Structure formats: structure tokens, C-alpha cells
Amino acid sequence: MSSSIPAQDVPEGSVTGVDSYAVGNNGEYFAVGRRCRHLGADLADGSIDDDGCLVCPWHGAKYDVKSGQMVLGPQGFFARIPGLDAGFKLLTKVLPLKRADVRRAGSDLVID
Ligand code: FES
């Protein structure tokens, strides 16, 4: 099943929610599952950093949106827990965020 959103609702540097996906634009449109693998924050409320990674709004974990893998573990208090960063990177190698294709259809983006 596909979903759509007006492309103008996803300007470069933004992320928004479409059904179960966080849909963003880091120069290219992307769609990834919107629940952070750490504690389940809604990644549609996240942000995009200078490297084009999706940053979790709760504890700052960063995801590569192409692979769905965490490239930086949870920050703040969690960053001081030995092995947590490596553990989540490994977890998301095995269980990356789901990804969907985003294509342009007229003035809309279609996610499927
Ligand atoms: S819930 Fe995403 S980093 Fe903690």
C-alpha cells in the first residue's frame, strides 16, 4: 500500500510523518520507519544533520537513512554506558529501520 504527501510539505532539511514512515529531505527524499530503535521516539519529530543523517529527537542517535543503520548511538547519559553505542550499531545492522521508496508523482511524493 502506498501513501502520498505534497512535495512542498517536505522542504530540504525537514522530516515529517506519513503513516508508519518518517519522510525527509536531505537533498534526496527518503522514508524510514519512524520508531527509534533505542526507546521508540518518533523519528518524524527528528532533524537532519550536516551529514544528511536523521537525528532522533529524544537522545540524539543518528541514522544513515540509506541503510537504516544507527551510525551514532544515543547521547547524553546513554553515551556514558559502556558498549551501548556499539550495541545499537550492531542491532541496527541486523535490524535496520525499514525503508521505502519515495518517488515524485506530479507535485506529490509517493511512498511505497
Ligand atoms: S529514543 Fe532515539 S535515541 Fe533514545
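Here the residue numbers are simple positions, counted from 1 along each chain's written sequence. Residues qualify for local features only when their pLDDT is at least 70, as the model is predicted, and side-chain atom pairs are given and counted only at 80 or more; totals for whole chains, interfaces and linings, by contrast, use all residues. Side-chain metrics rest on all non-hydrogen atoms present in the structure, leaving aside hydrogens and water.

Moving on, we come to the overall build of the protein chain. Regarding its fold elements, the protein chain presents 1 helix and 11 strands. Only runs of H or I of at least four residues qualify as helices and only runs of E of at least two qualify as strands under DSSP, and these elements are numbered from the N terminus. Scanning the protein chain from its N terminus toward the C terminus, one meets helices and strands in the order β-β-β-β-β-β-β-β-α-β-β-β. Values of the radius of gyration come from C-alpha atoms, whereas the globule rule sets the reference at 2.2 Å times the count of residues to the power 0.38. Taking 2.2 N^0.38 as the reference for a compact globule, 112 residues should give roughly 13 Å; the C-alpha atoms of the protein chain span a radius of gyration of 14 Å, in line with that estimate. With the C-alpha coordinates aligned to their principal axes, the bounding extent of the protein chain is approximately 50 × 25 × 20 Å. For the protein chain, the share of sequence-separated contacts (at least 6 apart) that also reach a separation of at least 24 residues comes to 41%. Computed by Shrake-Rupley with a 1.4 Å probe, the accessible areas treat only the displayed protein chains as cover when residues are assessed. Here the protein chain has roughly 6100 Å² of accessible surface; of this, 50% comes from carbon and sulfur atoms. Whether two residues are in contact is decided by their heavy atoms: any pair within 4.5 Å suffices.

Right, let's get into the sheet that holds strand β2 (residues 15-18). What makes two strands pair is DSSP finding at least two bridges between them. Taken in spatial order, the 4 strands make up an open sheet running β2-β3-β4-β9, and their pairing is antiparallel. The open sheet has two free edges, formed respectively by β2 and β9 (99-100), since each of these has just one partner strand. In this structure, strand β3 (residues 21-25) lies alongside strand β4 (residues 29-33), joined through 5 bridges in antiparallel fashion. Paired with Ala22 across the bridge in β4 is Val32.

With that out of the way, let us pick up the side chain of Arg34. Here Arg34 lies in the loop between β4 and β5 (47-48). When near neighbours in sequence (up to four residues on either side) are disregarded, Arg34 contacts Gly17, Val18, Asp19, Ser20, Tyr21, Ala22, Ala41, Asp42, Leu43 and Ala44.

This part covers the environment of Gln69. When you line up the elements, Gln69 lands in strand β8 (residues 69-72). Each residue gets one of three labels from its accessible area relative to the maximum for its type: buried under 20%, exposed over 50%, partly exposed in between, using a 1.4 Å probe on protein chains only. Given the relative accessible area of 25%, Gln69 is considered partly exposed. For the pair formed by Gln69 and Asn26, sequence separation is 43 residues and the distance between their alpha carbons is 16 Å. Discounting residues that sit within four places of it in the chain, Gln69 has contacts with Lys62, Tyr63, Asp64, Thr92, Lys93 and Pro96.

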